[in-house]
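Single-letter residue listing:
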Amino acid sequence: MDLDHSPEVAAFRAEARAWLREHVPDAALPSLETEQGFAAHREWEAELHAGRWSAVSWPEEYGGRGADIERWLVFEEEYWAAGAPGRVSQNGISLLAPTLFDHATPGQRARVLPSMASGEVIWAQAWSEPESGSDLASLRSRAERTEGGWLLSGQKTWSSRAAFADRAFGIFRSDPDAAKPHHGLTYLMFDLRAPGVTVRPIGRLDGKPAFAELFLDRVFVPDEDVIGEPGQGWRIAMSTTGNERGLTLRSPGRFLATAARLAALWRERGDPADTALRDRVADAVVGARAYELFTWAGATRFAAGGEIGAESSLNKVFWSQYDIALHETALDLLGPDAELAQGPWAEPWVFSLAGPIYAGTNEIQRDIIAERLLGLPKGRR
Amino acid sequence: MRFLPTGEQSDFARTLRSLLGAAEVPATVRAWAAGDHGPGLALWSRLAGTGLCALAAPEAYEGLGPLPVELALAFVELGRAGVAGPAVETAATVVLLGELARRGEEAPAKRFLPGLLTGDSLATLTLPGGSPYALDADAAEWCFAVRGAGDTATAAEAGPAPDAGAGDTAAAAAASGVAASGSGSARTRALAPDAAPDAGELWLVPGGGERLASLDPARGLFLPGAGGEPLAAGPAVSAAAGVAARWARLLTAAQCLGVGEALLARTVEYVKQRTQFGVPVGSFQAVKHRLADTLLDLEFARPLLWAAALSLSDGDVAAAKLTAGEAAYAAARTALQLHGAVGYTEELDLSLWLRRARPLRDAWGGPSQCRAEVVRSLPAPSGLPQTTATRRVTT
């Protein structure tokens, strides 16, 4: 057992660190949940891409570096420690791309991945519907067969980034007569500016349009934008949720960097006599370390050919709870300044509050943990 | 980078698990609590036969180590099985004696290590900054105490036995030619090497005395008597005591993890079988979610334990102890709640782990002490990129 990186990985880290030191903007970009900020973050994606750092885990032919999971985690540590901007193309790079690598045709990969890597096309997700949240398989938006493709109709909601994004991906009911709700679903990609698409931005708690509703009225999608076999959408969508995605949705590097900033804030503003607050700083430091180490263990298992599976639910509950506690501690350290909406911890705190809800609510994750990891009997939700 | 136990390490843990699984440990624990140490000592002898104690000792003294990862994995198994006795204290003593020998003080190692490695003898000890109570001194062959200069009176001052006065201890120290000077309270001192005074003294002390009952009936607490036999003194003792304290904290964290795992496993089995309203209570979300949180706490404590065993750094060891200790106690609370009234009985074997969790959480560094250590161990501010202090990060 060890936690040592090889000289090659250390060299990779040094290269990433040097590039980031040279290129990370001195001043923070405007919030990516605003039109101006979205554009600024898109430009940053182009700069990352020019340095071949936008999708390090992808094969080189698509603009990546073929980095294994260890290098990807090292890159993330360096990325967030350098104070680099949030990733506006995250939905595409960490949710859609792994699905494409597993299930798409070479032609689809060649068509979709390069513009995703460069930030030219920003992807939004289209999973939830007004009546289908945790019970996603009950979704009702339809894909109807037509000449040369499919016609999408229905309503999607809570679509992150969709207010300013270019394209979206999601699953649709293509066979309403299928025996089970999980059957008869098809995974498709579509243009958010296609005829028949109406995007209605939704203001999140702080008013920024971080997500949107999508109204679809017979939106044409060519066959070439169907991923995998029609009717296999559920299996395809779920196949990557438990594996790499469990490791990569939130990297430890992000929390290690934020915990380091919290420790700096404690030194700067903390009252040494306030041991209650000091203890919460300690918990934040320990939590980041725990998440880092848990991830290295998972990465070791994954690199050895193991499955991550339901363990990704442990991961998700942990970081989403941890993220809130971390930001609450920072706000408490700020005292009266915590209330300032422009403060460096304000928007990240608002964002952290969504963590236990998105990517599968923590209630559903705990059901998965209890049923699949502990073997408890299924019951009514 | 390969952050998982190796095949050999896992095999060793499995060997211990199967040995302990067949050993009817609960009966030995109940006997131990009733003052019959025979079955527990016999079990300890068998455990030592697997090389358990040798893992803490250097090769120069017929040891196999020191191998903290292997020992930590082993102590998870001791915790899971609920083994009673001063196991952590014995291992920490082996470490202490090995460290002393490495620093040139070989006599104590030559005298005590052979008996400890074979499992013929158990040891217990107190260290500066730790609890004043020696665990299970009545069952241990030897009771050691490291006293900082001027600390000779601390145990008696801190404890509830006023008759073992400071004057006696100081007089005994003076009579034996070991200087007792300076002042300081063990309670305010960190359980860490750099905080221990340079003039530590290792004593073989009389362990006999009144047995103070613990909240865990299988733990007996003893205030070491005054005086005794001085074994070594000087900076080597202080440094070795610091190392031994870190190992004690690490191995207690490992035991906590095992205790938590045992509590979780027993509770999962119970809620699958116990039915109410015509269904297993384990099918209710309120029950499932508590158990999911218990597993979460334990699974995130585990890698902290491994990393602490790898680095043995103050910060990592404190983080592991804090997390594993809190996880074990939370597991005990959940186990009790989900068992309902039957969990509140001493008759159910579950009680052996329920009552162990809280004292272990506090032994060799409670949560408050560990959190303070974590903050103390933070890297210097210069290690942080300046720009990140005010940068905004979203998404």
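Nothing here was measured: the structure is a model prediction, and the numbers come from that model.

1. Regarding the sheet that holds strand 3 (residues 142–147) of chain B
Residue and element names in this part refer to chain B. Spatial strand order, 1-3-4-7: 4 strands in an open sheet with mixed pairing. Two strands lie at the open edges of the sheet, namely strand 1 (123–126) and strand 7 (229–234), each paired on one side alone. Neighbour-to-neighbour, the strand axes of this sheet turn through a mean angle of 20°, independent of strand direction. Pairing of strand 4 (residues 200–205) with strand 7 involves 5 bridges; the strand directions are antiparallel. Counterpart to G200 in the pairing with strand 7 is G234. Each of strand 1, strand 3, strand 4 and strand 7 is contacted by helix 5 (residues 87–102), which is oriented at about 75° to strand 1, the strand it contacts most. The sheet contacts of helix 9 (residues 235–273) involve strand 3, strand 4 and strand 7, and relative to strand 7 the element is tilted by about 95°.

2. Details of the environment of H289 of chain B
Its place among the elements puts H289 of chain B in helix 10 (residues 285–311). Taking relative accessible area as the criterion, H289 of chain B reaches 14% and is therefore assigned buried.

3. Observations concerning the confidence of the model for chain B
Residues and elements named next belong to chain B. Scored by pLDDT, chain B has a mean of 87; 84% of the residues are at 70 or more. Confidence drops under a pLDDT of 50 for residues 152–196, and excluding neighbours within four residues, the segment shows 69 contacts in the predicted structure. Model confidence for the complex is summarised by a pTM of 0.92, with the ipTM given as 0.95.

4. Observations concerning the packing of aromatic side chains
Scanning the model with the defined rule gives 29 aromatic pairs over all chains in all. Taking the centre distance of 5.8 Å and the plane angle of 80° together, the rings of F172 of chain A and F190 of chain A count as edge-to-face. Placement of the pair is F172 of chain A in strand 4 (residues 167–173) and F190 of chain A in strand 5 (residues 185–191), with a sequence separation of 18 residues. Of note, R87 of chain A hangs over the ring of Y79 of chain A, and the distance from its end group to the ring centre comes to 5.7 Å. For the cation-ring pair, R358 of chain B lies above Y329 of chain B, with the distance from its terminal atom to the ring centre recorded as 4.5 Å.

5. A closer look at the interface of chain B and chain A
Contact residues are listed per partner, giving 54 residues for chain B and 69 residues for chain A. Here chain B meets chain A over a buried area of about 5500 Å², counting both sides, of which 67% is carbon and sulfur. Between D316 of chain B and R289 of chain A there is a salt bridge; the shortest N-O distance is 3.1 Å. The interface formed by chain B and chain A contains 13 residue pairs in polar contact (both at pLDDT 80 or more). Of all the secondary-structure elements, those providing two or more residues to the side of chain B that touches chain A are helix 9, helix 10, helix 11 (314–339) and helix 13 (367–376) of chain B. Of the residues forming the side of chain B that touches chain A, the biggest block, 15 residues, is contributed by helix 10 of chain B.

6. Some points on the nonpolar core
One finds L202 and L263 of chain B to be the most contacted residues of the largest nonpolar core, which totals 180 residues. Among the elements that make up this core, the one with the highest residue count is helix 9 of chain B (21 residues). Looking at which domains feed residues into this core, each of domain 1 (7–88) and domain 3 (241–373) of chain A supplies at least three. In this view, L202 of chain B contacts L96, L97, L100, F144, A145, V146, E229, P230, L231, A232 and V237 of chain B; residues no more than four positions away in its chain are not counted. Formed by 28 residues, the second largest nonpolar core is a distinct cluster that contains L100, A104, I171 and L185 of chain A.

Calculation rules
Residues numbered from 1 in each chain as written. Chains lettered and ligands numbered in written order. Predicted model: local features only at pLDDT ≥ 70, side-chain atom pairs only at ≥ 80, totals over all residues. Heavy atoms only, no water. Pairing = 2+ DSSP bridges. Helix = DSSP H or I, 4+ residues; strand = E, 2+ residues; numbered from the N terminus. Axes fitted to C-alpha atoms, helices over the stretch in contact; angles between N-to-C directions. Contact = heavy atoms within 4.5 Å. Buried < 20%, exposed > 50% of the residue type's maximum accessible area, 1.4 Å probe, protein only. pLDDT = per-residue confidence, 0-100. Phe/Tyr/Trp six-rings, centres within 6.5 Å; stacked < 30°, edge-to-face > 60°. Lys NZ or Arg CZ within 6 Å of the ring centre and 35° of its normal. Buried area = accessible area lost by both parts, 1.4 Å probe. Salt bridge = Lys/Arg side-chain N within 4 Å of Asp/Glu carboxyl O. Polar contact = N/O pair within 3.5 Å; in protein donor to acceptor, adjacent residues only side chain to side chain. Core = buried A, V, L, I, M, F, W, Y, C linked by side-chain atoms within 4.5 Å. Domains from an automatic or database assignment.

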